[in-house]
Amino acid sequence: MLGYIAGFFTYETTKSVVVKSWLVGIINRFAQLLIVLYFIGWVFVHEKAYQVRDTGIESAVMTKVKGFGFYNDSLMDVADYVAPQQGASVFCIITKMIITPNQSQGFCGEPDKKFKCTMDEDCTKHLSSNLASGRITGKCLTSVQQCQIEGWCPAENDNQILTPMREVENFTIFIKNSIRFPLFNVTRGNILPSINNKRLTNCLYHPVHDPFCPIFRVGDVLQNAEDLDNIMNKGGEIVVNIAWQCNLDFDVDYCLPSYTFTRLDTSSTKVSQGYNFRFAKYYRLQNKDVRTLHKAFAIRFDIIVSGNAGKFSLIPTIINVVAACTSVGLATVLCDIILLNFLKGAEQYKAKKFEEVSDSAFRTDSKKLYQETRITIKAEEKNSDDSGAFSIGYQL
């Protein structure tokens with residue numbers, strides 16, 4: 001216990017030892033160079049650690065789709081194929097629909113092949129099934145070999161081969177986006193001051209030739225998202241990401257958006273691919289509620305806005321400069337590990353680097369201490385060109 005207490009109440013101070021070794025010297029300078037290059041190249045130039053950053057952007061998105069198409073020999077406009085109609089950041093463009101007209105409440109057969117039957121026992125096992133058309137009653141309609149349902153009749157039959165509306169490729173999407181970086185009170189919009197009304201009606205987004213036009217051709221967006229035919233037939237989900245990466249140390253006019261397109265519903269499994277939803281239009285006929293059911297296969301667009309703005313600030317600059325200066329000392333730690341464990345003169349280096357001084361060393365009279373100090377200084381001057389430092393030379 002006394003030894004632990006004595007060990008706790010000790011004091012350590014640094015001691016400079018000069019090691020004249022080409023190998024250790026090269027390793028030391030090379031490690032220091034790597035650390036300096038890391039902080040200059042990555043931390044300050046790439047990551048811009050001298051800036052204070054704002055990632056909590058405030059954003060608003062408005063969308064508008066334009067174009068005409070034909071489906072089942074009928075002209076389709078925006079009111080027919082876009083849902084919902086509010087022009088929000090999430091909307092769908094319908095490419096294909098299964099329409100079941102004149103449905104009313106009653107009893108009828110379920111046309112799905114899974115519900116074929118020859119007797120009631122074939123249907124009772126499906127009583128717990130959850131169908132979009134209605135509820136299985138457990139009775140078999142032997143005349144049509146279908147299980148009976150109670151619900152909206154006639155039931156929807158989605159075993160149909162339909163051709164999607166190919167004109168969707170030529171539809172255009174207008175995206176209006178406004179953002180604000182509250183930390184810097186900077187507001188920007190994706191409709192740049194250089195875009196006037198005439199250019200806005202004629203431009204079309206291109207990643208190289210016109211990267212800042214806010215009007216996008218659907219076919220171009222889908223090609224970037226891959227597998228055009230599949231998404232037209234089964235539907236899917238496309239993300240349009242608007243990224244604002246702004247360096248506010250320069251003029252705010254250089255704060256510009258960039259657009260990327262990604263399909264999110266792709267999966268390694270073939271189960272439940274694509275995207276579809278149902279909606280109905282209701283009316284009253286002969287004192288009876290009647291509806292037309294639509295099962296729509298659609299391309300869902302999600303507009304996601306991300307932003308990151310930075311501006312020079314003294315506090316993060318000082319913090320990272322101090323961190324850089326401190327990190328240079330890691331080269332010394334590396335060299336100490338090499339000297340203490342891997343070189344031939346490790347024992348000599350340990351003897352010079354670590355020295356214990358007990359209380360008895362301080363009990364000498366002042367005259368003797370003065371003489372010993374002068375002798376020590378003269379000895380060290382012979383061994384080193386550096387004042388107050390030991391010098392060790394290795395023959396490597």
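Here the structure is a predicted model, which means the values were calculated and not measured. (Residues numbered from 1 in each chain as written. Predicted model: local features only at pLDDT ≥ 70, side-chain atom pairs only at ≥ 80, totals over all residues. Heavy atoms only, no water.)

## Let's talk about the state of the cysteines
- Summed over the entire model, instances satisfying the criterion amount to five disulfides.
- Here cysteine 108 connects covalently by a disulfide to cysteine 153, the sulfurs 2.1 Å from one another. With the S-S dihedral at roughly -80 degrees, the linkage between cysteine 108 and cysteine 153 falls on the left-handed side. Of this pair, cysteine 108 sits in strand β7 (residues 90-109) while cysteine 153 sits in strand β9 (residues 146-153), placing them 45 residues apart in sequence. Exposure class is identical for cysteine 108 and cysteine 153. Each is buried.
- Sulfur-sulfur distance for the disulfide between cysteine 203 and cysteine 213 comes to 2.1 Å. The sign of the 75 degrees torsion about the S-S bond sets the cysteine 203-cysteine 213 disulfide as right-handed. On the criterion of sequence distance, the pair formed by cysteine 203 in the loop between α5 (197-202) and β12 (215-217) and cysteine 213 in the loop between α5 and β12 is long-range, its members being 10 residues apart. Judged on exposure class, the residue cysteine 203 and its partner cysteine 213 are both buried. (Disulfide = S-S within 2.5 Å. Helix = DSSP H or I, 4+ residues; strand = E, 2+ residues; numbered from the N terminus. Buried < 20%, exposed > 50% of the residue type's maximum accessible area, 1.4 Å probe, protein only.)

## Describing the packing of helix α2 (residues 22-46) against helix α9 (residues 330-341)
- For the pair α2 and α9, interaxial distance at closest approach is 8 Å and the crossing angle is 150 degrees. The angle between α2 and α9 falls in the class roughly antiparallel. Seen along the crossing, α2 lies across α9 with a hand that is right-handed. Between α2 and α9, the contacting residues are Val24, Ile27, Asn28, Ala31, Gln32 and Ile35 on the first element and Leu330, Ala331, Thr332, Leu334, Cys335, Ile338 and Leu339 on the second.
- Considering only residue class, the contact of α2 with α9 consists of 10 nonpolar, three polar and no charged. (Axes fitted to C-alpha atoms, helices over the stretch in contact; angles between N-to-C directions. Parallel < 35°, antiparallel > 145°, perpendicular 65-115°, else oblique. Left-handed = near helix turned anticlockwise from the far one by under 90°. Contact = heavy atoms within 4.5 Å. Nonpolar A, V, L, I, M, F, W, Y, C, P; charged D, E, K, R; others polar.)

## With respect to α2
- Its 25 residues give α2 an end-to-end C-alpha distance of 34 Å, which sits within 8% of 36 Å, the value for a rise of 1.5 Å per residue.
- What α2 keeps buried is the set Val24, Asn28, Ala31, Gln32, Ile35, Phe39, Val43 and Phe44.
- Lining the buried residues of α2 we find α8 (314-327) and α9. (Expected span 1.5 Å × (residues − 1).)

## Side note on the side chain of arginine 188
- Looking at where arginine 188 falls in the secondary structure, it is placed in strand β11 (residues 186-189).
- From its side chain, arginine 188 meets the backbone oxygen of cysteine 255 in a polar contact 3.2 Å long. (Polar contact = N/O pair within 3.5 Å; in protein donor to acceptor, adjacent residues only side chain to side chain.)

## Quick word on a nonpolar patch on the surface
- A surface patch of nonpolar side chains, amounting to about 550 Å² of accessible area, comprises Met1, Ile5, Phe8 and Phe9.
- By the secondary structure assignment, phenylalanine 8 is in helix α1 (residues 2-8).
- Among the residues examined, phenylalanine 8 registers a relative accessible area of 63% and is labelled exposed. (Patch = residues over 30% accessible without salt bridge, like charges linked within 9 Å, V, L, I, M, F, W, Y side chains within 5 Å. Areas by Shrake-Rupley, 256 points an atom, 1.4 Å probe, with all protein chains shown as cover. Salt bridge = Lys/Arg side-chain N within 4 Å of Asp/Glu carboxyl O.)

## Focus on the confidence of the model for the chain
- For the chain, the mean per-residue pLDDT works out to 84, and 87% of the residues sit at or above 70.
- The secondary-structure element of the chain with the lowest mean pLDDT is strand β17 (residues 390-393), recorded at 48, while strand β10 (residues 172-181) shows the highest, at 95.
- When the criterion is pLDDT under 50, residues 379-391 qualifies, and its contacts beyond four places in sequence or with other chains add up to 19 contacts. (pLDDT = per-residue confidence, 0-100.)

## Details of the nonpolar core
- Core analysis: the largest hydrophobic core is formed by 47 residues, its most contacted members being Tyr81, Ile93, Phe181 and Phe301.
- Broken down by secondary-structure element, the contributors of at least two residues to this core are β7, β10, α6 (218-225), α7 (228-234), β13 (236-247), β14 (257-263) and β16 (288-312).
- The dominant element in this core, judged by the number of residues it contributes, is β16, at seven residues.
- Judged by nonpolar contacts, the second largest core, of 10 residues, contains Cys108, Ile149, Cys153 and Ala155. (Core = buried A, V, L, I, M, F, W, Y, C linked by side-chain atoms within 4.5 Å.)

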